[in-house]
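This is what each chain is made of:
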Amino acid sequence: MNNLNVKMQRKNQFIDDIWDHLKAFKLKLNLFAGQLAKKDLSHFSRLNSIPSVNEEKLKNYEDGLKKLHFEFERRFQDFSAIQTELDIFTMPFKVNCEAVRSDLQLELIEL
(Lines give C-alpha, C1' and ligand atoms only; values in the text may rest on other atoms or scores of the structure.)
Protein backbone atom coordinates (compact mmCIF):
# COMPACT_ATOMS: atom_id res chain seq x y z
CA MET A 1 0.00 0.00 0.00
CA ASN A 2 2.92 2.31 0.65
CA ASN A 3 4.10 1.89 -2.96
CA LEU A 4 0.61 2.71 -4.22
CA ASN A 5 0.49 5.78 -2.01
CA VAL A 6 3.82 7.03 -3.38
CA LYS A 7 2.76 6.39 -6.98
CA MET A 8 -0.51 8.23 -6.53
CA GLN A 9 1.23 11.29 -5.08
CA ARG A 10 3.52 11.82 -8.07
CA LYS A 11 3.17 15.17 -9.76
CA ASN A 12 1.84 15.81 -13.25
CA GLN A 13 -0.25 12.65 -13.53
CA PHE A 14 -3.40 12.32 -15.51
CA ILE A 15 -6.45 10.64 -14.05
CA ASP A 16 -5.86 7.55 -16.19
CA ASP A 17 -2.39 7.14 -14.64
CA ILE A 18 -3.92 7.08 -11.17
CA TRP A 19 -6.59 4.65 -12.33
CA ASP A 20 -3.87 2.38 -13.76
CA HIS A 21 -2.09 2.37 -10.39
CA LEU A 22 -5.33 1.45 -8.63
CA LYS A 23 -6.17 -1.32 -11.11
CA ALA A 24 -2.69 -2.79 -10.79
CA PHE A 25 -2.96 -2.74 -7.01
CA LYS A 26 -6.33 -4.49 -7.10
CA LEU A 27 -4.90 -7.13 -9.45
CA LYS A 28 -2.04 -7.71 -7.02
CA LEU A 29 -4.50 -8.14 -4.16
CA ASN A 30 -6.39 -10.78 -6.16
CA LEU A 31 -3.16 -12.51 -7.13
CA PHE A 32 -1.91 -12.60 -3.55
CA ALA A 33 -5.24 -13.84 -2.16
CA GLY A 34 -5.37 -16.58 -4.79
CA GLN A 35 -1.82 -17.64 -4.05
CA LEU A 36 -2.49 -17.79 -0.32
CA ALA A 37 -5.53 -19.95 -1.00
CA LYS A 38 -3.26 -22.38 -2.89
CA LYS A 39 -0.58 -22.18 -0.18
CA ASP A 40 1.78 -20.65 -2.76
CA LEU A 41 4.08 -18.35 -0.81
CA SER A 42 6.36 -17.31 -3.67
CA HIS A 43 5.54 -13.60 -3.19
CA PHE A 44 5.68 -13.81 0.60
CA SER A 45 9.35 -14.26 1.42
CA ARG A 46 8.93 -13.97 5.19
CA LEU A 47 6.09 -16.49 5.29
CA ASN A 48 8.03 -18.72 2.92
CA SER A 49 11.00 -18.75 5.31
CA ILE A 50 8.88 -20.22 8.13
CA PRO A 51 9.15 -24.03 8.15
CA SER A 52 5.49 -24.73 8.90
CA VAL A 53 2.97 -21.98 8.35
CA ASN A 54 -0.29 -22.14 10.26
CA GLU A 55 -3.05 -22.69 7.67
CA GLU A 56 -5.54 -20.74 9.76
CA LYS A 57 -3.26 -17.71 9.64
CA LEU A 58 -2.95 -18.07 5.86
CA LYS A 59 -6.73 -18.09 5.62
CA ASN A 60 -6.87 -14.93 7.77
CA TYR A 61 -4.35 -13.22 5.49
CA GLU A 62 -6.31 -14.31 2.44
CA ASP A 63 -9.54 -12.97 3.94
CA GLY A 64 -7.80 -9.70 4.82
CA LEU A 65 -6.62 -9.27 1.23
CA LYS A 66 -10.11 -9.99 -0.08
CA LYS A 67 -11.60 -7.42 2.29
CA LEU A 68 -9.02 -4.87 1.22
CA HIS A 69 -9.84 -5.56 -2.43
CA PHE A 70 -13.54 -5.16 -1.75
CA GLU A 71 -12.89 -1.88 0.04
CA PHE A 72 -10.87 -0.56 -2.89
CA GLU A 73 -13.67 -1.59 -5.26
CA ARG A 74 -16.19 0.24 -3.10
CA ARG A 75 -14.18 3.40 -2.57
CA PHE A 76 -13.11 3.77 -6.18
CA GLN A 77 -16.32 2.68 -7.88
CA ASP A 78 -16.57 6.09 -9.55
CA PHE A 79 -13.53 5.20 -11.64
CA SER A 80 -15.18 1.99 -12.78
CA ALA A 81 -18.25 3.99 -13.79
CA ILE A 82 -16.18 6.17 -16.13
CA GLN A 83 -13.99 3.37 -17.47
CA THR A 84 -15.19 3.88 -21.06
CA GLU A 85 -14.38 7.58 -20.96
CA LEU A 86 -10.93 6.84 -19.61
CA ASP A 87 -10.40 4.24 -22.33
CA ILE A 88 -11.30 6.80 -25.00
CA PHE A 89 -8.56 9.00 -23.64
CA THR A 90 -5.88 6.31 -23.24
CA MET A 91 -6.75 3.72 -25.93
CA PRO A 92 -8.99 5.35 -28.54
CA PHE A 93 -8.31 2.63 -31.13
CA LYS A 94 -9.54 -0.18 -28.88
CA VAL A 95 -12.84 1.41 -27.87
CA ASN A 96 -16.07 0.27 -29.47
CA CYS A 97 -17.46 3.46 -31.00
CA GLU A 98 -21.04 2.33 -30.31
CA ALA A 99 -20.27 2.16 -26.58
CA VAL A 100 -19.36 5.84 -26.25
CA ARG A 101 -21.47 8.97 -26.10
CA SER A 102 -23.08 9.76 -29.43
CA ASP A 103 -21.36 13.14 -29.71
CA LEU A 104 -17.97 11.36 -29.68
CA GLN A 105 -18.72 8.49 -32.02
CA LEU A 106 -17.89 10.16 -35.33
CA GLU A 107 -14.70 11.69 -33.98
CA LEU A 108 -13.61 8.31 -32.66
CA ILE A 109 -14.26 6.68 -36.03
CA GLU A 110 -12.23 9.38 -37.78
CA LEU A 111 -9.17 8.48 -35.72
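- In the nomenclature of an unreviewed UniProt entry, the protein is known as General transcription factor II-I repeat domain-containing protein 2 of Araneus ventricosus.

Here we look at the overall build of the protein
Okay, so step 1: For the protein, the count of helices and strands is 7 helices and 0 strands.
Okay, so step 2: For a compact globule of 111 residues, the expected C-alpha radius of gyration is about 13 Å, and the protein comes in at 19 Å, more than 25% above that figure.
Okay, so step 3: For the protein, the C-alpha atoms occupy an extent of roughly 60 × 30 × 20 Å along the three principal directions.
Okay, so step 4: Residues classed as buried in the protein amount to 24% of the 111 residues present.
Okay, so step 5: For the protein, the proportion of contacts with a sequence separation of at least 24, taken over those separated by at least 6, is 45%.
Okay, so step 6: Total accessible area on the protein stands at roughly 8,500 Å², and carbon and sulfur atoms take up 53% of it.
Okay, so step 7: Each charge class in the protein was averaged separately, 17 positive and 17 negative side chains, and the resulting centres sit 10 Å apart.

What to know about the packing of aromatic side chains
Okay, so step 1: Within the structure shown, the criterion is met by 5 aromatic pairs.
Okay, so step 2: Ring geometry for Phe32 against Phe44: centres 5.4 Å apart, planes inclined by 65°, an arrangement best described as edge-to-face. Taken together, the residues Phe32 in helix H2 (residues 15–37) and Phe44 in the loop between H2 and helix H3 (45–48) connect sequence positions 12 residues apart.
Okay, so step 3: Centroid distance Phe76 to Phe79: 6.1 Å. Interplanar angle 50°. Geometry classified as tilted.
Okay, so step 4: Of the residues examined, Phe76 reaches a relative accessible area of 23% and is grouped as partly exposed.
Okay, so step 5: A connected cluster of aromatic rings, assembled from ring pairs, spans Trp19, Phe25, Phe72, Phe76 and Phe79.

What about the nonpolar core?
Okay, so step 1: Ranked by size, the top nonpolar core spans 16 residues in total, and within it Leu22, Leu36, Leu41, Leu47 and Phe79 carry the most contacts.
Okay, so step 2: At the level of secondary structure, the elements contributing two or more residues to this core comprise H2 and helix H4 (55–75).
Okay, so step 3: It is H2 that contributes the most residues to this core, 7 residues altogether.
Okay, so step 4: What Leu36 contacts, discounting residues up to four positions off in sequence, is Leu41, Phe44, Leu47, Leu58, Tyr61, Glu62 and Leu65.

Regarding helix H6 (residues 83–90)
Okay, so step 1: Along H6, the positions that sit buried rather than exposed are Leu86, Asp87 and Ile88.
Okay, so step 2: Contacts made by the buried residues of H6 are with H2, helix H5 (77–81) and helix H7 (102–110).

Focus on unusual backbone geometry
Okay, so step 1: Phi angles above zero are rare outside glycine, and Asn12 is one such case at about 60°.
Okay, so step 2: Along the chain, the position of Asn12 falls in the loop between helix H1 (2–8) and H2.
Okay, so step 3: Look at Asn12 and you get exposed, because its relative accessible area is 77%.
Okay, so step 4: Positive phi, normally seen in glycine, also occurs at Lys39, with a value near 65°.
Okay, so step 5: By the element assignment, Lys39 lies in the loop between H2 and H3.

About the cut-offs
Residues numbered from 1 in each chain as written. Predicted model: local features only at pLDDT ≥ 70, side-chain atom pairs only at ≥ 80, totals over all residues. Heavy atoms only, no water. Helix = DSSP H or I, 4+ residues; strand = E, 2+ residues; numbered from the N terminus. Rg over C-alpha atoms; globule rule 2.2 N^0.38 Å. Buried < 20%, exposed > 50% of the residue type's maximum accessible area, 1.4 Å probe, protein only. Contact = heavy atoms within 4.5 Å. Areas by Shrake-Rupley, 256 points an atom, 1.4 Å probe, with all protein chains shown as cover. Lys, Arg positive; Asp, Glu negative; His and termini not counted. Charge placed at Lys NZ, Arg CZ, Asp CG, Glu CD. Phe/Tyr/Trp six-rings, centres within 6.5 Å; stacked < 30°, edge-to-face > 60°. Core = buried A, V, L, I, M, F, W, Y, C linked by side-chain atoms within 4.5 Å.

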